[in-house]
Amino acid sequence: MPTHLRCDACRAIAYQMQEFLQKVNNKFGNNLLESQLVDTLDSCCSQSWEEYGVKEVGGELRLSGPGLETKSYFGMLMGGGKWPFRMLQMCHGYLGEIGEEDLHEAFLKDPGNLASFLCNTPGGNCSKRGEKNKRATTGIHDHDL
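Residues numbered from 1 in each chain as written. Predicted model: local features only at pLDDT ≥ 70, side-chain atom pairs only at ≥ 80, totals over all residues. Heavy atoms only, no water.

- The chain is annotated in an unreviewed UniProt entry as Marginal zone B and B1 cell specific protein from Eptatretus burgeri.

**Concerning the overall build of the chain**
Part 1: If you tally the helices and strands in the chain, you get 6 helices and 3 strands.
Part 2: In the chain, the order of α-helices and β-strands from amino to carboxyl end is α-α-β-β-β-α-α-α-α.
Part 3: Burial statistics for the chain: of 145 residues in total, 43% are counted as buried.
Part 4: Taking as baseline every contact in the chain between residues at least 6 positions apart, the subset at least 24 positions apart corresponds to 66%.
Part 5: With the model as given, the accessible surface of the chain reaches about 8100 Å², and the carbon-plus-sulfur share is 52%. (Helix = DSSP H or I, 4+ residues; strand = E, 2+ residues; numbered from the N terminus. Buried < 20%, exposed > 50% of the residue type's maximum accessible area, 1.4 Å probe, protein only. Contact = heavy atoms within 4.5 Å. Areas by Shrake-Rupley, 256 points an atom, 1.4 Å probe, with all protein chains shown as cover.)

**Brief notes about the sheet that holds strand β3 (residues 78-79)**
Part 1: If you walk across this open sheet you meet the 3 strands as β2-β1-β3, and the pairing is antiparallel. Because the sheet does not close on itself, it has two edges, and the strands there are β2 (60-64) and β3.
Part 2: Two elements, strand β1 (residues 53-57) and β2, share 5 bridges in a ladder whose sense is antiparallel. Across the sheet, glycine 53 pairs through a bridge with serine 64, a residue of β2. (Pairing = 2+ DSSP bridges.)

**Quick look at the packing of aromatic side chains**
Part 1: Considering all chains together, one arrives at 1 aromatic pair under this definition.
Part 2: Ring geometry for tryptophan 49 versus tyrosine 52: centroids 5.6 Å apart, planes at 50°, classification tilted. The two residues tryptophan 49 and tyrosine 52 agree in class, both being buried.
Part 3: Lying over the aromatic face of tryptophan 83, arginine 86 brings its terminal NZ or CZ to 4.6 Å of the ring centre. (Phe/Tyr/Trp six-rings, centres within 6.5 Å; stacked < 30°, edge-to-face > 60°. Lys NZ or Arg CZ within 6 Å of the ring centre and 35° of its normal.)

**As for the side chain of asparagine 25**
Part 1: Looking at where asparagine 25 falls in the secondary structure, it is placed in helix α1 (residues 6-28).
Part 2: Exposure remark for asparagine 25: the relative accessible area of 6% places this residue in the buried category.
Part 3: Beyond its immediate sequence surroundings of up to four residues, asparagine 25 is in contact with Asn30, Leu32, His104, Phe107 and Leu108.

Given below as structure tokens:
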């Protein structure tokens, strides 16, 4: 995922995780079996992500789709191509890095604000420091993608 879109992507992924977790918690309650939790978040990450794409907003390219404020802006959405795979890959990266149990625990603490846990913590994709650290440690820059 290009660096300048990682915050939007993180918030979109957090939104989708919230939606999936809310549905399964409504059906089975908050004490999910580990297998239910793993299946739910794996299904979330393995979805098609076809509703997401890039559009120009205020002169800058932004990710747009469900759960993002850019969805309400007028403009042509450039979807398909590499975007669904990039979203899928980033989502699965969070599962491996953070883990299903920690994500579910954060969701239960604040069901409507998983993005704060996932994206806004120090070093997260929506923190300025996180953006600089990710560029420095990965060696990947926007022009490389």
